[in-house]
Amino acid sequence: MPRRMARSRPLGGGDRDMALDIVSHGRRGPGGVLRFGPEQIQQIKRTVGRTPEVMVKVSGGGRDFGGVRAHLKYIGRHGKLPLETDEGLMVQGRNAALGIAQDWHLDQCRSQYRSKPADGEKDTRPKLAHNIVLSMPAGTPPEKVLAAARIFARENFALQHRYAMVLHTDQAHPHVHLVVKCEHEYEPGRRLHIRKDTLRRWREQFAELMREQGVAANATPRQIRGQVHRPQRDPIHHRLRAMRAFGQLDAMERSQRATPKPSTFMRDKVMAMVKALQGGVSSIEQGKQTLKRTRDAVTDDWRATAQMLRRQGQADLAEQVERFAAQMPPVQTDAQRLAEQWQAQQRAPTPERSRPRAPDERSR
């Protein structure tokens with residue numbers, strides 16, 4: 001039976017639709033009755049049990065030799081951490097990144113010699129390498145994250161695309177930085193293209209590899225779990241963290257002169273929201289209705305899932321599914337959330353300024 005799909009346009013517009021695939025609604029068993037298979041049952045259990053979710057994302061990529069070398073230097077903490085290559089070698093030191101970039105023969109890639117765009121223009125040069133991050137929540141044993149990442153890289157890229165990786169444990173969540181050369185080693189003209197479906201498949205694969213390491217892990221779309229907002233980090237955090245890793249902030253922090261600049265992205269969002277409120281524009285409510293349609297489709301699928309589980313004799317799991325769907329937080333757009341925060345600040349009483357008392361008041 002074909003999978004049930006709930007489609008909605010992504011928040012903020014766009015031409016491409018976003019497909020939500022909650023579960024594959026069973027297979028026809030003997031007698032033609034639709035049933036969930038064992039793997040689907042386990043997936044449902046992990047989701048409603050809120051098993052920790054893996055994270056696989058592409059954090060960018062170098063478009064020339066210098067860009068790839070710079071990122072390799074960054075993830076290797078300028079020689080402080082060993083870089084593990086696709087050949088199983090551990091390379092460390094100040095010249096490790098340069099050696100890897102030279103070994104990959106990036107200087108022979110045709111796109112390497114395309115001219116850089118002028119200031120303000122979009123860089124349309126093909127990437128020489130993709131920067132991929134494989135991450136697990138805090139508390140996950142780092143060595144198991146690295147072991148799963150090794151298998152992930154070997155199964156997807158070995159003997160096809162050169163790669164190097166390094167484990168980072170400087171944050172609460174252990175994660176592996178994986179740099180993969182885009183051009184195929186033995187098929188000229190063939191390149192590694194990463195699409196949304198690729199990332200979805202990689203997440204599922206990495207979650208399975210983590211489970212093989214004995215770590216509970218899941219990979220489901222955030223809408224299915226009832227999460228409305230994408231996690232966003234202010235770019236200033238990344239910049240400060242990188243500077244701190246390279247020791248560039250030590251003197252500044254000691255002198256307490258490091259004052260982070262506010263995010264222009266968030267500032268622009270807040271100003272757009274305020275302008276919409278002042279002008280009576282209904283874009284905030286329109287965005288909420290879009291999210292609500294998506295949420296309604298998700299909850300409908302969860303109800304259908306519970307009904308099918310009951311028909312299979314999985315009454316306890318069906319009740320968990322219903323509780324999971326009922327406990328999803330209310331939908332709220334980013335603009336609406338910012339609007340409520342702004343309105344709360346406007347309603348908050350301002351402290352009265354202290355005024356000098358009159359002479360007769362001081363004498364009382």
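Residues numbered from 1 in each chain as written. Predicted model: local features only at pLDDT ≥ 70, side-chain atom pairs only at ≥ 80, totals over all residues. Heavy atoms only, no water.

> Would you explain the sheet that holds strand S8 (residues 129-135) in this entry?
In a beta sheet, neighbouring strands are held together by backbone hydrogen bonds and run either parallel or antiparallel to one another. Read across the open sheet, the 6 strands follow the order S5-S8-S10-S9-S6-S7; overall the sheet is antiparallel. Across the chains shown, the open sheet's two edge strands, defined by having one partner strand only, are strand S5 (55-60) and strand S7 (90-91). Note: S5 against S8, 5 bridges, orientation antiparallel. Among the inter-strand pairings, Gly60 is bridged to a residue of S8, identified as Asn131. Here helix H2 (residues 65-75) sits on the sheet in contact with strand S6 (83-85), S8, strand S9 (163-168) and strand S10 (175-181), set at roughly 160° to S10. On the sheet, helix H4 (residues 142-157) packs against S6, S8, S9 and S10 and is oriented at approximately 165° with respect to S9. (Pairing = 2+ DSSP bridges. Helix = DSSP H or I, 4+ residues; strand = E, 2+ residues; numbered from the N terminus. Contact = heavy atoms within 4.5 Å. Axes fitted to C-alpha atoms, helices over the stretch in contact; angles between N-to-C directions.)

> What is the right way to look at helix H3 (residues 96-103) in this model?
In an α-helix there are 3.6 residues to a turn, and that puts residues three or four apart on one side. Those residues of H3 that fall on the buried side of the exposure criterion are Ala96, Ala97, Ile100 and Ala101. Relative to the axis of H3, the buried residues are bounded by an arc of 130° and lie together on one face. Next to the buried residues of H3 lie H2, S6, S7 and S9. (Buried < 20%, exposed > 50% of the residue type's maximum accessible area, 1.4 Å probe, protein only. Arc of directions from axis to C-beta.)

> Is there a simple way to explain the nonpolar core in this structure?
What tends to happen in soluble globular proteins is that the nonpolar side chains get buried as a cluster. Within the largest apolar cluster, 27 residues are counted, with the highest numbers of intra-cluster contacts made by Phe157, Leu178, Phe206 and Met210. At 8 residues, H4 tops the list of elements feeding residues into this core. Setting aside residues no more than four positions away along its own chain, Phe206 makes contact with Val54, Val56, Leu134, Ser135, Met136, Val145, Ala148, Ala149 and Phe152. Residues Leu72, Tyr74, Leu106 and Val166 belong to the second largest nonpolar core, which totals 18 residues. (Core = buried A, V, L, I, M, F, W, Y, C linked by side-chain atoms within 4.5 Å.)

> How do you make sense of the pattern of salt bridges when you look at a structure like this?
Two side chains of opposite charge can pair, provided their charged atoms sit close to one another. One pass over the structure, following the stated rule, counts 18 salt bridges. Among the ionic pairs, Glu87 bridges to Arg162, the shortest N-O distance being 3.6 Å. Of this pair, Glu87 sits in the loop between S6 and S7 while Arg162 sits in the loop between H4 and S9, and the two are 75 residues apart along the sequence. Within the structure, one salt-bridge network assembled from shared partners comprises Arg63, Asp64, Lys116, Asp123 and Arg125. (Salt bridge = Lys/Arg side-chain N within 4 Å of Asp/Glu carboxyl O.)

> Mind showing me how you'd approach the side chain of His161 here?
Following the sequence through the fold, His161 ends up in the loop between H4 and S9. Residue His161 is classed as buried on the basis of its relative accessible area, which comes to 5%. In this structure the side chain of His161 is engaged in a polar contact, spanning 3.0 Å, whose partner is the backbone oxygen of Lys181. What His161 contacts, discounting residues up to four positions off in sequence, is Val180, Lys181, Cys182, Glu183, His184, Arg191 and Leu192. (Polar contact = N/O pair within 3.5 Å; in protein donor to acceptor, adjacent residues only side chain to side chain.)

> Please explain a negative patch on the surface as it appears in this structure.
Taken together, the side chains of Glu39, Glu155, Glu208 and Glu212 make up a negatively charged region of the molecular surface. Assignment of secondary structure puts Glu155 in helix H4. (Patch = residues over 30% accessible without salt bridge, like charges linked within 9 Å, V, L, I, M, F, W, Y side chains within 5 Å. Areas by Shrake-Rupley, 256 points an atom, 1.4 Å probe, with all protein chains shown as cover. Lys, Arg positive; Asp, Glu negative; His and termini not counted. Charge placed at Lys NZ, Arg CZ, Asp CG, Glu CD.)

> Can you walk me through the pairing of S9 in this structure?
Consecutive side chains along a regular strand alternate between the two faces of the sheet. Taking burial as the measure, the 6 residues of S9 include 5 buried ones, the bulk of the element. Where S6 lies against S9, 2 bridges are found, and the strand directions are antiparallel. Paired with Glu84 across the strands is Met165, a residue of S9. When S9 meets S10, the two strands line up antiparallel, connected through 6 bridges. Bridge pairing in S10 places Met165 opposite Leu178. With antiparallel pairing between neighbouring strands as the criterion, S9 and S10 make up a hairpin whose turn holds 6 residues.

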